[in-house]
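Fold and geometry: a report
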Amino acid sequence: MLSTRHGVRPLGSADLDAFLALTARDPVVNVFADYRARTTNLEPRWLGGEVWGRFDSGELVAACHVGANLVPIGATPDDARAFAERALTRGRTVSTIVGPHEAVEVLWNGVAGNWGRPREARWRQPHLEIAGPPLVEPDPRVRRTTRPDMAELYPACVAMYTEEVGVSPEQGGGAELYRARVTQLMNRGWSFAAFEDGRLVFKAEVACASPYAAQVQGVWVPPDQRGRGLAASGMAAVVEMVRAEIAPVVSLYVNEWNEPARRAYARVGFQETARFSTVMF
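Everything in this summary refers to the structure shown in the same document. (Residues numbered from 1 in each chain as written. Predicted model: local features only at pLDDT ≥ 70, side-chain atom pairs only at ≥ 80, totals over all residues. Heavy atoms only, no water.)

Turning to unusual backbone geometry, a few remarks are in order. Backbone geometry places Ser57, a non-glycine residue, at a positive phi of 55 degrees. On the secondary structure map, Ser57 appears in the loop between strand E2 (50–56) and strand E3 (59–66). Of the residues examined, Ser57 reaches a relative accessible area of 78% and is grouped as exposed. In this structure, Arg124 takes a positive phi of about 60 degrees despite not being glycine. Of note, Arg124 is situated in strand E6 (residues 120–130). (Helix = DSSP H or I, 4+ residues; strand = E, 2+ residues; numbered from the N terminus. Buried < 20%, exposed > 50% of the residue type's maximum accessible area, 1.4 Å probe, protein only.)

Set out below in structure tokens:
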């Protein structure tokens, strides 16, 4: 493949080993990129987009996932500016820019004049990790979800998404696609919940995983059940199961302003290792 300006070009299956070596420099922060590479072999038809690489003297030094999400990987400010310049040549096709704060900020500044006002920008979200046993007692009711749970699980997932993102995932006819995603995570054994008298009182999912780490998303407790410690005990159970059966480190990122969630994760034993940012369109 021919290199483009600033040494940026699309990656393919021949670049997989070099790409995985790049993600391995910070394998927990880069778990999404690692997961996508291993499950798609960096083939565009499976990616539903592209992964760009930036090279220096023939060595892959940074990358950028460009699908539904634009995600910088190992990118310095100079790398991020190069990726922004390439992004401007194709127009906005992504729904979010997300990743380590510094690279996301530079990327956004590079495309902001052409991509229009974002729906929301969340800067400096704490990225948290736990690599040992939880510090609080796990909720013994937390288990993997199964098909009979869908009547409780799916509405909870919609409520969580709507509360977190600000729009319903069912908006614009998206219900079928979102239900398929919830079902996919369930079938992988990546969906966890606790029930009380038949009602869901806690849920969380693994969004992506690699041999090094698993990233948790969708942590949610019904509003009328909050304040009971269900998030901390539920996450403690998720940490135990994920570390035993999926990956040795559990990670997530949380909105800086969400103090109740941050306190719950701290009680479990999560520690901040980086700051993420998310620009949503």
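Next up on the list: the side chain of Ser210. Tracing the backbone shows Ser210 in the loop between strand E9 (199–209) and strand E10 (213–220). The exposure class of Ser210 is buried, given its relative accessible area of 6%. A polar atom in the side chain of Ser210 sits 3.0 Å from the backbone nitrogen of Tyr212. Ser210 has contacts with Val31, Asp34, Ile246 and Ala247, leaving out every residue within four places of it along the chain. (Polar contact = N/O pair within 3.5 Å; in protein donor to acceptor, adjacent residues only side chain to side chain. Contact = heavy atoms within 4.5 Å.)

What follows concerns the packing of aromatic side chains. Scanning all chains against the criterion turns up seven aromatic pairs. Taking 6.0 Å as the distance between ring centres and 55 degrees as the angle between the ring planes, the aromatic pair formed by Tyr154 and Tyr178 counts as tilted. Taken together, the residues span a long stretch of sequence, with Tyr154 in helix H6 (residues 150–165) and Tyr178 in helix H7 (residues 175–188) at a distance of 24 residues. With relative accessibility at 5%, the residue Tyr154 sits in the buried group. Judged by relative accessible area, which is 14%, Tyr178 ranks as buried. Measuring from ring centre to ring centre gives 5.7 Å for Tyr265 and Phe270, while their planes differ by 65 degrees; the resulting arrangement is edge-to-face. Judged by relative accessible area, Tyr265 falls into the buried class, the value being 8%. A residue is classified by how much of its surface remains accessible, and Phe270, at 6% relative accessible area, is buried. An aromatic cluster of at least three residues, connected via ring pairs, comprises Trp108, Trp115 and Phe281. Sitting above the plane of the Trp52 ring, Arg86 keeps its charged end 5.2 Å from the centroid. The ring of Tyr154 has Arg179 sitting right over it, with the charged end atom 4.0 Å from the ring centre. (Phe/Tyr/Trp six-rings, centres within 6.5 Å; stacked < 30°, edge-to-face > 60°. Lys NZ or Arg CZ within 6 Å of the ring centre and 35° of its normal.)

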